[in-house]
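# Summary of the model geometry
This is what each chain is made of:
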Amino acid sequence: MIATMFATGSRVVFAAVLSGVCATAAQAADVQELYDALRLDGIADIIHQEGIEQIDVYAENYVGPRSASQFAQQAQEIFARDDIQSTLMNGLETLDHDHMAAALDYFTSAQGALFAELETTARVAISDDEVEEQAKAMAAQARDSDRARIALLERSIEVLEMVEFNIQAAQESQYSFLIELAQAEVIDFSQGEILALIAEDQGELTEMVQEWLLAFTYMAYSPVSDDELQGYIDFQSSDPGQALNQALFDAFRVMDVEQSQKMGRLVASFMAAQEL
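Just so it is clear, the model here is predicted, and its values are computed rather than measured.

### Observations concerning the layout of surface pockets
By volume, the second largest pocket is sized at about 180 Å³. In terms of lining, the second largest pocket is formed by Arg143, Glu154, Ile157, Glu158, Val163, Glu164, Gln210, Glu211 and Leu214. Elements with a contribution of two residues or more to the lining of the second largest pocket: helix H8 (147-159), helix H9 (162-183) and helix H11 (202-220). A breakdown of the residues in the lining of the second largest pocket according to their chemical character gives three nonpolar, one polar and five charged.

### A few points about the side chain of Ser173
Along the chain, the position of Ser173 falls in helix H9. A relative accessible area of 18% places Ser173 in the buried class. Look past the residues within four positions of Ser173 in its chain and what remains in contact with it is Asp256 and Ser260.

### Examining the confidence of the model for the protein chain
Across the protein chain, pLDDT averages 90, with 90% of residues at or above 70. Within the protein chain, helix H5 (residues 97-107) carries the highest mean pLDDT (97), whereas helix H1 (residues 2-37) carries the lowest (60). Predicted confidence for residues 1-23 stays below pLDDT 50, and this span has zero contacts to residues more than four positions away or in other chains.

### Focus: unusual backbone geometry
Backbone geometry places Arg39, a non-glycine residue, at a positive phi of 60 degrees. Relative to the helices and strands, Arg39 resides in the loop between H1 and helix H2 (40-63). Among the residues examined, Arg39 registers a relative accessible area of 29% and is labelled partly exposed. With a phi angle near 60 degrees, Glu185 is a residue other than glycine that sits in the positive phi range. Checked against the element boundaries, Glu185 lands in the loop between H9 and helix H10 (191-200).

### Notes on the packing of aromatic side chains
Overall, the coordinates contain 14 aromatic pairs when judged by the stated rule. The interplanar angle of 90 degrees and the centroid separation of 5.4 Å between the aromatic rings of Phe71 and Phe270 together place this pair among those described as edge-to-face. In this pair, Phe71 is assigned in helix H3 (residues 68-75) and Phe270 in helix H13 (residues 239-275), connecting sequence segments 199 residues apart. Phe71 gets classed as buried once you look at its relative accessible area, which sits at 0%. For the pair Tyr106 and Phe107, a centre-to-centre distance of 5.0 Å together with 90 degrees between the ring planes defines the contact as edge-to-face.

### Here's the deal with the pattern of salt bridges
All told, the structure shown has 11 salt bridges when counted by the stated rule. Note that Asp45 and Arg81 form a salt bridge whose closest N and O atoms lie 2.7 Å from each other. Of this pair, Asp45 sits in helix H2 while Arg81 sits in helix H4 (residues 81-92), and the two are 36 residues apart along the sequence. For Asp45, a relative accessible area of 34% translates into the label partly exposed. Where Lys136 meets Glu211, a salt bridge forms, and the shortest distance between an N and an O atom there is 4.0 Å. Placement of the pair is Lys136 in helix H7 (residues 129-145) and Glu211 in helix H11, with a sequence separation of 75 residues.

### Details of a negative patch on the surface
On the surface, Glu53, Asp128, Asp129 and Glu130 cluster together into a negatively charged patch. Mapping Asp128 onto the fold places it in the loop between helix H6 (110-125) and H7.

What counts and how
Residues numbered from 1 in each chain as written. Predicted model: local features only at pLDDT ≥ 70, side-chain atom pairs only at ≥ 80, totals over all residues. Heavy atoms only, no water. 1 Å grid on protein atoms, 1.4 Å probe; cavity = no way out; pocket = protein on both sides within 12 Å on 5 of 7 lines; lining within 4 Å. Points joined across faces, edges and corners; volume = space filled by probe spheres on them. Helix = DSSP H or I, 4+ residues; strand = E, 2+ residues; numbered from the N terminus. Nonpolar A, V, L, I, M, F, W, Y, C, P; charged D, E, K, R; others polar. Buried < 20%, exposed > 50% of the residue type's maximum accessible area, 1.4 Å probe, protein only. Contact = heavy atoms within 4.5 Å. pLDDT = per-residue confidence, 0-100. Phe/Tyr/Trp six-rings, centres within 6.5 Å; stacked < 30°, edge-to-face > 60°. Salt bridge = Lys/Arg side-chain N within 4 Å of Asp/Glu carboxyl O. Patch = residues over 30% accessible without salt bridge, like charges linked within 9 Å, V, L, I, M, F, W, Y side chains within 5 Å. Areas by Shrake-Rupley, 256 points an atom, 1.4 Å probe, with all protein chains shown as cover. Lys, Arg positive; Asp, Glu negative; His and termini not counted. Charge placed at Lys NZ, Arg CZ, Asp CG, Glu CD.

Structure (structure tokens):
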């Protein structure tokens, strides 16, 4: 009986291990397929590039010209493209099987592929300051000339809580950076003062986020009809669509916080060295 139990148990355990390996491999394949379908490599590239461009701003504001080159060299590691890609993949891995299957079905369809391409192309384009200003001007003008489209976009932004998501991410990022400086005692701010400072800017931040989101969505979806756009919004509002948006938001938020923490530590170390 002992031998029989042991042999049966071994087969069960071995089968479970094989099942887990197969499931993991299948999940990894689904994650990669969805990552590719969403054109997330293009998003990772622009996040990397924007991070690199911000290094000079940090150097100018906190480090000074004498240490700027050394600071920039170390800071580039914070925005490593591989790390960005891994964080986005990890976010997709949090989707359950049904939500993953539904997301794959949609974004490998003609309509889903179109919207993924439009969003990635627009996100790359709007990273240019001139394009961003043009997009904002077009969206502002459309409040009079294209009211139906603007109303549709504003409803989708509200339903999907895009403003709230972006504000939360921005504020957590600001806090993560400043608290590192405070803990290193290179700025004289308490936690409460940092929180108050961030809260003080919330009104202005909200207006900036609202303006940017409307400009981005108006530009991105300009090639499609209102009916096509409504179909995309319907998917985004569905359970799988909301689960996907949440997974990606969480991934971006984790990435922003980690990058801000690392940047805060690096800036603090250079500021402390200057005081010696």
